[in-house]
Amino acid sequence: MNKELLEKYIIGETNEEENKIAQYWLEQDIRNHAEYLKMKKMWDGLPQALQAPEVDVDQAWENFKTARDNGSATKFEVDDNKTMKMGWNWWVAAGILFMCSIGFYFLDKSHRQEQSLYSTTSVLRNTLPDGSIVTLNKNSKLAYSSTWMNVQRSVKLEQGEVFFQVFKDKAHPFVIVSGKSKITVLGTSFNVRRHEDATEVIVATGLVKVSYSNKEVYLHPKEMITMKDNDTTTVSVKQIPDQFYKYYVDREFIFENTSLDRVVELLSKAYDQKIILDLEADKKLLLTATFKQNSLSDILKVIADTFKCKVTIKDSIIHITR
């Protein structure tokens, strides 16, 4: 791996193609990942730029005008030359102060600039600056500060669905904000989905703390919780199988006595294809099967053979019927 490219990747200045090269290198060997973390630790240990203070520019200007007016109303018993000199010095000092305020404002704004990851028509897999791996489902967006590691590892799920494989770092908890919910972990893997005004969390490994409406819930592997932004009632934790997220993370479907209605829902979402069960009674049929890297036609053939039904296509809509 080119050292200059790795340095650019660490500070977030790589383009999409360079990101792919760096991520491929990280995934090839655990020693590469260790080297990356070692280099990043050295980089983080370098002196950081001073944090610019929060400045209210409008208020700074009002304060300046008030101070100016008060100053001009004050009378001094001095000769004209000294008065002119004092007035000039006051305006120069005030001008410098105001320009510094403006400078701090824009410096701080750029210093806190957000980085974004987003997917459109395909699944996106990427690595965050700390080494954590994120897999974004289609039409998903994740944002984080360019300086997030200076204080804590915090990201915001703005839309869609993301599977997180968090690199363990006890000194910096990993926090995901989604709507009015907050998910906190140290090192684990889990799925977060943002839809409408609700957030759904499913744990794959480890322990996850979820905070919402002044409540806290701890989730274990294969547990799921769904929280609505404006609902303060206690929500229940459910046991669920892996297929709720593995279909886009690993392109794998694991159905264990799963209703055909749910099977069709997942297939429609995964393959961007509208699928309809024509008979209401067929929705309750249970399927047990595992598919990995299979095409939609292969999966539909297994369903048709298993339940002795047929698959037809009409107006670009797939019908499972009798």
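Below you will find a few notes about this structure. Predicted model only: the values in this text are computed from it and were never measured.

Enumeration according to the criterion identifies eight aromatic pairs in this entry. Seen in terms of ring centroids, F253 and F255 are 5.8 Å apart; in terms of plane orientation they differ by 25 degrees. Their pairing is stacked. Since its relative accessible area comes to 2%, F253 is described here as buried. On the accessibility criterion, F255 (1% relative accessible area) is buried. Each ring, one from F255 and one from F291, has its centre 6.3 Å from the other, and the planes form 65 degrees; the classification is edge-to-face. In this pair, F255 is assigned in strand 14 (residues 252-259) and F291 in strand 16 (residues 286-292), connecting sequence segments 36 residues apart. Like F255, the residue F291 is buried in the burial classification. In textbook terms, an aromatic cluster arises when at least three aromatic residues are bridged by ring pairs, as seen for Y247, Y248, F253, F255, Y271 and F291.

Attention now moves to the pairing of strand 16. Here strand 16 shows a clear split, with L287, A289 and F291 buried on one side and none of L286, T288, T290 and K292 buried on the other. Inspection of the sheet shows strand 14 paired to strand 16 by six bridges, in the antiparallel sense. Paired with I254 across the two strands is T290, which belongs to strand 16.

So, about the environment of T121. Residue position: T121 is located in the loop between strand 1 (114-118) and strand 2 (124-127). Expressed as a C-alpha distance, the spacing of T121 and D272, which sit 151 residues apart in the sequence, is 9.5 Å.

Turning our eyes to something else, we now look at the pairing of strand 4 (residues 141-145). For a regular strand, the rule is simple: side chains alternate between the two faces of the sheet. In this sheet, strand 4 lies alongside strand 1 in antiparallel orientation, the contact comprising five bridges. Considered in strand 4, the bridge of Y118 is made with K141. Alignment of strand 4 against strand 5 (residues 153-165), held across four bridges, turns out to be antiparallel. Bridged to A143 within strand 5 is K156.

To continue, consider the packing of helix 7 (residues 260-271) against helix 8 (residues 296-307). Two elements in contact, helix 7 and helix 8, have axes whose closest approach is 11 Å; the angle formed by their N-to-C orientations is 165 degrees. Our classification of the angle between helix 7 and helix 8 gives roughly antiparallel. Where helix 7 crosses over helix 8, the two elements pack in a sense that is left-handed. Of helix 8, the residues touching helix 7 (which contributes L260, V263, L267 and Y271) are L296, I299, I303 and F307. Classifying every residue of the contact of helix 7 with helix 8 by side-chain character gives eight nonpolar, no polar and no charged.

Each value, and the rule that gives it
- Residues numbered from 1 in each chain as written.
- Predicted model: local features only at pLDDT ≥ 70, side-chain atom pairs only at ≥ 80, totals over all residues.
- Heavy atoms only, no water.
- Phe/Tyr/Trp six-rings, centres within 6.5 Å; stacked < 30°, edge-to-face > 60°.
- Buried < 20%, exposed > 50% of the residue type's maximum accessible area, 1.4 Å probe, protein only.
- Helix = DSSP H or I, 4+ residues; strand = E, 2+ residues; numbered from the N terminus.
- Pairing = 2+ DSSP bridges.
- Axes fitted to C-alpha atoms, helices over the stretch in contact; angles between N-to-C directions.
- Parallel < 35°, antiparallel > 145°, perpendicular 65-115°, else oblique.
- Left-handed = near helix turned anticlockwise from the far one by under 90°.
- Contact = heavy atoms within 4.5 Å.
- Nonpolar A, V, L, I, M, F, W, Y, C, P; charged D, E, K, R; others polar.

In short, the description is geometric, and any link to function would need to be established separately.
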